[in-house]
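Working through the structure, step by step
Okay, here's what each chain looks like letter by letter:
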Amino acid sequence: KNFVEQSVQIFQKIGDEYGVREAKEILAEIKIYIREFEEAKKIIDEIYNLTDSKQKKSKYEIFKALCFLGEGKIKEAKESLLKSQEIFPDSQNDTKFRICLSRIKFHEGEIGEAEKLSYENFENARTNFEKILSALNAIQILDKINIDSVIHKDKREKYDSFLKKNNIELQSFPYFSL
């Protein structure tokens, strides 16, 4: 068992409902990035009604959208993103929301918009983890575009350099290495 699963058990033993929910939220996110989507969605469903926070419910819809995108279910991902925005309109500024949006745009053939969104997401990330996720997403989009331009090579180099500086390898996040 990993440390997050152990944390869930500890919080359950001491009756800390908030701790259980927060640890399960982290566990769901980890499951997404290692492509265990069914398990992640099961956890999200468990914790969804354990909060009255619109911001949390919105975040869980974004997590669902990430799962659906990983499964290639674009329509369902769009529905979850829309629901996220309905619940908490500011969610559109969330890094993971914008990652989902860039991937949806890519799948819908709006390649330029997808690449632009992924670049902006990287540049505007507030935390190092958000920047890592944004770089991984941007690399995946650039690699799928496969355009041999100086601008794309420079961006790819920038993302690679950032990940290397943070000791992150593409394989560490199977979600972004398809």
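Residues numbered from 1 in each chain as written. Predicted model: local features only at pLDDT ≥ 70, side-chain atom pairs only at ≥ 80, totals over all residues. Heavy atoms only, no water.

Notes on the overall build of the protein
Across its full length, the protein holds nine helices and zero strands. Reading the protein from its N terminus to its C terminus gives the helix and strand order α-α-α-α-α-α-α-α-α. For the protein, whose C-alpha radius of gyration is 17 Å, the value lies close to the compact-globule estimate of 16 Å for 178 residues. Taking all 178 residues of the protein together, the buried fraction comes to 47%. For the protein, the proportion of contacts with a sequence separation of at least 24, taken over those separated by at least 6, is 58%. (Helix = DSSP H or I, 4+ residues; strand = E, 2+ residues; numbered from the N terminus. Rg over C-alpha atoms; globule rule 2.2 N^0.38 Å. Buried < 20%, exposed > 50% of the residue type's maximum accessible area, 1.4 Å probe, protein only. Contact = heavy atoms within 4.5 Å.)

A look at unusual backbone geometry
Non-glycine residue Arg-35 carries a positive phi angle of around 65 degrees. In the Ramachandran plot, Asn-167 falls in the positive-phi region, its phi being about 55 degrees despite a non-glycine side chain. By secondary structure assignment, the location of Asn-167 is in the segment after helix H9 (150-165). In this structure Asn-167 comes out as exposed when scored by relative accessible area, which is 70%.

Here's the deal with the nonpolar core
Judged by nonpolar contacts, the single largest core of 42 residues is most densely connected at Ile-32, Tyr-33, Leu-66, Leu-163, Phe-173, Tyr-175 and Phe-176. Elements that contribute at least two residues to this core include exactly helix H2 (17-33), helix H3 (37-48), helix H4 (54-70), helix H5 (74-87), helix H6 (95-107), helix H8 (128-145) and H9. Setting aside residues no more than four positions away along its own chain, Tyr-33 makes contact with Leu-66, Lys-96, Phe-129, Leu-133, Phe-173, Pro-174, Tyr-175 and Phe-176. (Core = buried A, V, L, I, M, F, W, Y, C linked by side-chain atoms within 4.5 Å.)

Some remarks on the pattern of salt bridges
Taken as a whole and assessed by the stated rule, the structure comprises 25 salt bridges. Its salt-bridge partner being Glu-71, residue Lys-73 comes within 3.7 Å of it at the nearest N-O pair. The exposure class assigned to Lys-73 is partly exposed, which follows from its relative accessible area of 33%. When the shortest N-O distance is used, the salt bridge between Glu-120 and Arg-98 registers 3.2 Å. (Salt bridge = Lys/Arg side-chain N within 4 Å of Asp/Glu carboxyl O.)

Structural notes on the layout of surface pockets
Its volume calculated, the largest pocket comes out at about 250 Å³. Elements with a contribution of two residues or more to the lining of the largest pocket: H4 and H6. Ranked by residue count, the leading element in the lining of the largest pocket is H4, at five residues. What the second largest pocket holds in volume is close to 170 Å³. What lines the second largest pocket is simply Glu-5, Val-8, Lys-24, Leu-27, Lys-31, Glu-39, Lys-42, Ile-43 and Glu-46. Sorting the residues of the lining of the second largest pocket by element identifies helix H1 (3-14), H2 and H3 as the ones contributing at least two each. A total of four residues in the lining of the second largest pocket trace back to one element, the largest contributor, which is H3. In terms of residue class, the lining of the second largest pocket is made up of three nonpolar, no polar and six charged. (1 Å grid on protein atoms, 1.4 Å probe; cavity = no way out; pocket = protein on both sides within 12 Å on 5 of 7 lines; lining within 4 Å. Points joined across faces, edges and corners; volume = space filled by probe spheres on them. Nonpolar A, V, L, I, M, F, W, Y, C, P; charged D, E, K, R; others polar.)

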